[in-house]
Amino acid sequence: MARWVTCVAGLLVAAFLLAPILAILPLSFSAGSFLFYPLPGVSLRWYRDFFGSDFWLPALWNSLLIGGAAAGLATLLGVPAAFGLWRMRGAARALAMGVVLAPMVVPVIVVAVALLLAFGPIGLVATHAGLIVAHAALGVPFVVVTVLASLEGFDPVQLRAAAACGAGPVRAFLRICLPQIAPGVAAGAVFAFATSLDEVVVALFIAGPAQRTLPRQMFAGLNDSISLTTAAAATMLVGLSVLLLLAVAWLQGRARRRLQGAATDRM
Amino acid sequence: MTRAPRLSAALLVTPLLTFLLLSFVAPIGAFLWRGVTDAEVAPVLPRTVAALAGWDGRAAPDDAAFAALVDDLREARARERAAGAGGIARAAARLNADRPGFRGLLPMTARRIEAPFDGPARAAVLAISEEWGDPETWGAIRRAGGPLSAFHVLAAVDLRRDAEGAVRAVPPDQRVFGQVLLRSLWISLLVTAACLALGWPLAWLVATTRGWAATLLLGAVMLPFWISLVVRTAAWMVLLQREGVVNAALGAFGIGPLPLMMNRFAVVLAMVHILLPFMVLPLVAAFRGLDPALPRAAASLGATPWRVFRRVILPLCLPGIAAGCILVFIQALGFYVTPALLGGPSDQMMAWFVGFYATRSVNWGLAAALSLLLLLAVGVCVALYGRLAGFRRPGTA
């Protein structure tokens, strides 16, 4: 009895999670211009509007460009740091971890306002570089956490074996370690990209008109009146998110299989 | 491990730490520093601030302070003519935050005191404005003299010092932030409780299901987790607005339209929807870690279902429950976008006021003091999380 009640309640909550998103997706294919059902007809006019507009398309490019650059920067800094943290112990490690993970817990409004104040005098407000640096800082904890998780399954003896065979530390890392943790690195990069793609508050405060990202543009659209073009943009962002989710699920599956493979090899 | 590898490990972390120090730690530190310091008034009125150091604050200060004010303002005007800086305006804006009227009073006094006058400085200054006879006017200057100052932090909790230096509550009609802080805590608490109530059955279902159904259910939790916060807020706007999906559906039954948006209900509903995955994922981990034999053993020993739940399931899952609650609470506390889009003026949380004071009413000190309060609350929660769930667990992120 109790089992059935929990089951039904759980399914209802799952429906609550999905329903609002599923409810708005079909609206973007409406032939009319109202945001409710029934649809007067099906058309792609709002997508044509999106791709023909002077601000939505640049916003999409900005999102991809800034997200890509921020993810690249976060990965470039995060992977060596994760490797270093993996070998560190004690208080120094705890302190470093605290700094690295801080962007995950500090309310993003504090980051946004602080960066507005700090970037103003050095000319980084309303520049792509400023937003990329900010988004890289917000995305880097996800890279470090993901890479550290994949290093859990890596056997450090292999590095000593490589050293014994005459490989330098850099060569040993690149040829022995990196290939084994590659899925984790890729998943971390996707996490960082998704963080940037999702981020709106920092963009709201430090981006200029030339750096408007897709969420920033949507926020502006939502603030005056919701158009169906906004619904089309939302649908495309949902599509992008689903792709990223599938990418990470696939990469994490690969990483897990690889770890299991390594574990059976060792036995 | 030998010394060399440990050194190289530290070297590998250095680039990232340097990057975060420059792009994250230092900017936030510099911003928060403004919440506990005052740097606008002392450069413009250095002699006045010095002259007020020994003043008792009961009546207008002695002639030396008036003379110092005249000297300071004349010098500041001369400097502005030469270099064109906005020092007087910045000092006036800071003093205005303490005592309304200063924004006009200080520049006007500076302009008019430049004309030569006979007799004591006190009479000349008082002739420009009676305000200079009020000890509170001078108290505002002394309070803003810096370098360290509790003014902004006190203001952020609806307190202020009077001219004599005693801490008092501001008049009831000017109290804002105590209410904002309580409102933020209350909304976050409400959202956390609702997430726990809704997340529990879903997490139980996910944890006890096997095979493709479990994958599907987990997907239903993960998908919203990945979709942009703005998109999810937009979805609720489309559903709840006056000519939205829900009202159109209700209209078909002859109900409404109901005002579903721009209120507390909409804010809490959307926040619960957005934060629910952060509750469900730790709960699933906790339930999966629960040995199913234990509740069964308790039941076979004669415990009622309620007793099994209270004495066996709840204590064993407590770390997971605490982790989920704290994760949701921390994030709810800092919410900006959702209340801004779905709430009315009385539903805005701390974050909105930080943004407001930083940009629209340029008062960095107050914005920084509010941020300090926000970070303090988050810090307490993180410490709790560390104690209850431990930092070794990777969490949901």
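What you see is a predicted model; the values in this text were computed from it and never measured.

## Points about the UniProt feature "domain: ABC transmembrane type-1" (unreviewed entry) in chain A
Listed under "domain: ABC transmembrane type-1" (unreviewed entry) in the UniProt record, and renumbered for this structure, are residues 60-249 of chain A. Helix makes up 83% of residues 60-249 of chain A and strand 0%. Its end C-alpha atoms lie 24 Å apart.

## Observations concerning the interface of chain B and chain A
A common measure of how large an interface is: the accessible area buried when the components associate. Opposite the 71 residues of chain B that make contact, chain A presents 75 residues. Roughly 6500 Å² of surface becomes buried between chain B and chain A when both sides are summed, with 87% attributable to carbon and sulfur atoms. Taken together, the connections running from chain B to chain A amount to zero salt bridges. The tally of links from chain B across to chain A stands at three residue pairs in polar contact (both at pLDDT 80 or more). Counting residues per element, the side of chain B that touches chain A draws most heavily on helix H1 (residues 3-33) of chain B, which supplies 17 residues. The class makeup of the residues in the side of chain B that touches chain A is 57 nonpolar, 11 polar and three charged.

## What about the UniProt feature "transmembrane region" (unreviewed entry) in chain B?
All names here are of chain B. According to UniProt, the "transmembrane region" (unreviewed entry) feature falls on residues 185-207, 214-239, 265-287, 316-342 and 362-385. End C-alpha to end C-alpha, residues 185-207 measures 31 Å, and it is 100% helix and 0% strand. For residues 265-287, helix accounts for 100% and strand for 0%, while the C-alpha atoms at its two ends are 31 Å apart.

## Structural notes on unusual backbone geometry
One can expect most non-glycine residues to show negative phi and most peptide bonds to be in trans. Non-glycine residue A:Ala126 carries a positive phi angle of around 60°. Judged by its relative accessible area of 37%, A:Ala126 falls in the partly exposed class. A positive phi is found at B:Met262, a non-glycine position, where the angle reads about 60°. When you line up the elements, B:Met262 lands in the loop between helix H12 (245-252) and helix H13 (264-288).

## Let's talk about the UniProt feature "transmembrane region" (unreviewed entry) in chain A
Residues and elements named next belong to chain A. Taking the UniProt record as the reference, the feature "transmembrane region" (unreviewed entry) is found at residues 59-83, 95-119, 125-151, 181-206 and 226-251. The distance separating the terminal C-alpha atoms of residues 95-119 is 26 Å; by composition the span is 92% helix and 0% strand. The span residues 181-206 carries 92% helix and 0% strand; its end-to-end C-alpha distance comes to 35 Å.

## Section: helix H10 (residues 212-226) of chain B
With 15 residues, H10(B) should reach 21 Å at 1.5 Å per residue; the first-to-last C-alpha distance of 20 Å fits that figure. For H10(B), the set of buried residues is B:Ala214, B:Leu217, B:Ala220, B:Val221, B:Pro224, B:Phe225 and B:Trp226.

## Quick word on the UniProt feature "domain: ABC transmembrane type-1" (unreviewed entry) in chain B
Sites flagged by UniProt as "domain: ABC transmembrane type-1" (unreviewed entry) map to residues 181-385 of chain B. The annotated region residues 181-385 of chain B carries 80% helix and 0% strand content, and the separation between its end C-alpha atoms amounts to 21 Å.

## Quick look at the packing of helix H15 (residues 305-333) of chain B against helix H18 (residues 364-388) of chain B
When two helices pack together, their arrangement is given by the angle between their axes and by how far apart the axes lie. Residue and element names in this part refer to chain B. Here H15 crosses H18 at 165°, and the two axes come no closer than 10 Å. In this view, H15 runs roughly antiparallel relative to H18, as classed from their interaxial angle. Seen along the crossing, H15 lies across H18 with a hand that is left-handed. Between H15 and H18, the contacting residues are Pro319, Ala322, Ala323, Ile326, Leu327, Phe329, Ile330 and Leu333 on the first element and Leu374, Ala377, Val378, Cys381, Val382, Leu384, Tyr385 and Leu388 on the second. Counted by class, the contact of H15 with H18 contains 16 nonpolar, no polar and no charged residues.

## Points about the packing of aromatic side chains
Inspection of the entire model under this criterion finds 25 aromatic pairs over all chains. Between A:Phe16 and B:Trp236, the aromatic rings sit 6.0 Å apart at their centres with planes inclined by 45°, giving tilted as the arrangement. Here A:Phe16, found in helix H1 (residues 2-24), pairs with B:Trp236, found in helix H11 (residues 229-240), and the two come from separate chains. Judged by relative accessible area, which is 7%, B:Trp236 ranks as buried. Joined through ring pairs, the aromatic side chains of B:Phe177, B:Trp352, B:Phe353, B:Phe356 and B:Tyr357 make up one cluster.

## Let's talk about the confidence of the model for chain B
All names here are of chain B. When pLDDT is averaged across chain B, the result is 87; 96% of the residues are at 70 or more. The low-confidence segment residues 393-397 (pLDDT under 50) makes nine contacts with residues lying over four places distant or belonging to another chain. The ipTM assigned to the predicted complex is 0.91, against a pTM of 0.89.

## Examining the pattern of salt bridges
All names here are of chain B. The final tally for this structure, using the stated rule, is 15 salt bridges over all chains. Between Arg94 and Asp38 there is a salt bridge; the shortest N-O distance is 2.5 Å. In this pair, Arg94 is assigned in helix H4 (residues 87-98) and Asp38 in the loop between H1 and helix H2 (46-51), connecting sequence segments 56 residues apart. When salt bridges that share partners are traced, they join Arg47, Asp72, Glu75 and Arg79 into one network.

Thresholds, definitions, all that
- Residues numbered from 1 in each chain as written.
- Chains lettered and ligands numbered in written order.
- Predicted model: local features only at pLDDT ≥ 70, side-chain atom pairs only at ≥ 80, totals over all residues.
- Heavy atoms only, no water.
- UniProt positions renumbered as here; feature names shortened; annotations may be inferred.
- Helix = DSSP H or I, 4+ residues; strand = E, 2+ residues; numbered from the N terminus.
- Contact = heavy atoms within 4.5 Å.
- Buried area = accessible area lost by both parts, 1.4 Å probe.
- Salt bridge = Lys/Arg side-chain N within 4 Å of Asp/Glu carboxyl O.
- Polar contact = N/O pair within 3.5 Å; in protein donor to acceptor, adjacent residues only side chain to side chain.
- Nonpolar A, V, L, I, M, F, W, Y, C, P; charged D, E, K, R; others polar.
- Buried < 20%, exposed > 50% of the residue type's maximum accessible area, 1.4 Å probe, protein only.
- Expected span 1.5 Å × (residues − 1).
- Axes fitted to C-alpha atoms, helices over the stretch in contact; angles between N-to-C directions.
- Parallel < 35°, antiparallel > 145°, perpendicular 65-115°, else oblique.
- Left-handed = near helix turned anticlockwise from the far one by under 90°.
- Phe/Tyr/Trp six-rings, centres within 6.5 Å; stacked < 30°, edge-to-face > 60°.
- pLDDT = per-residue confidence, 0-100.

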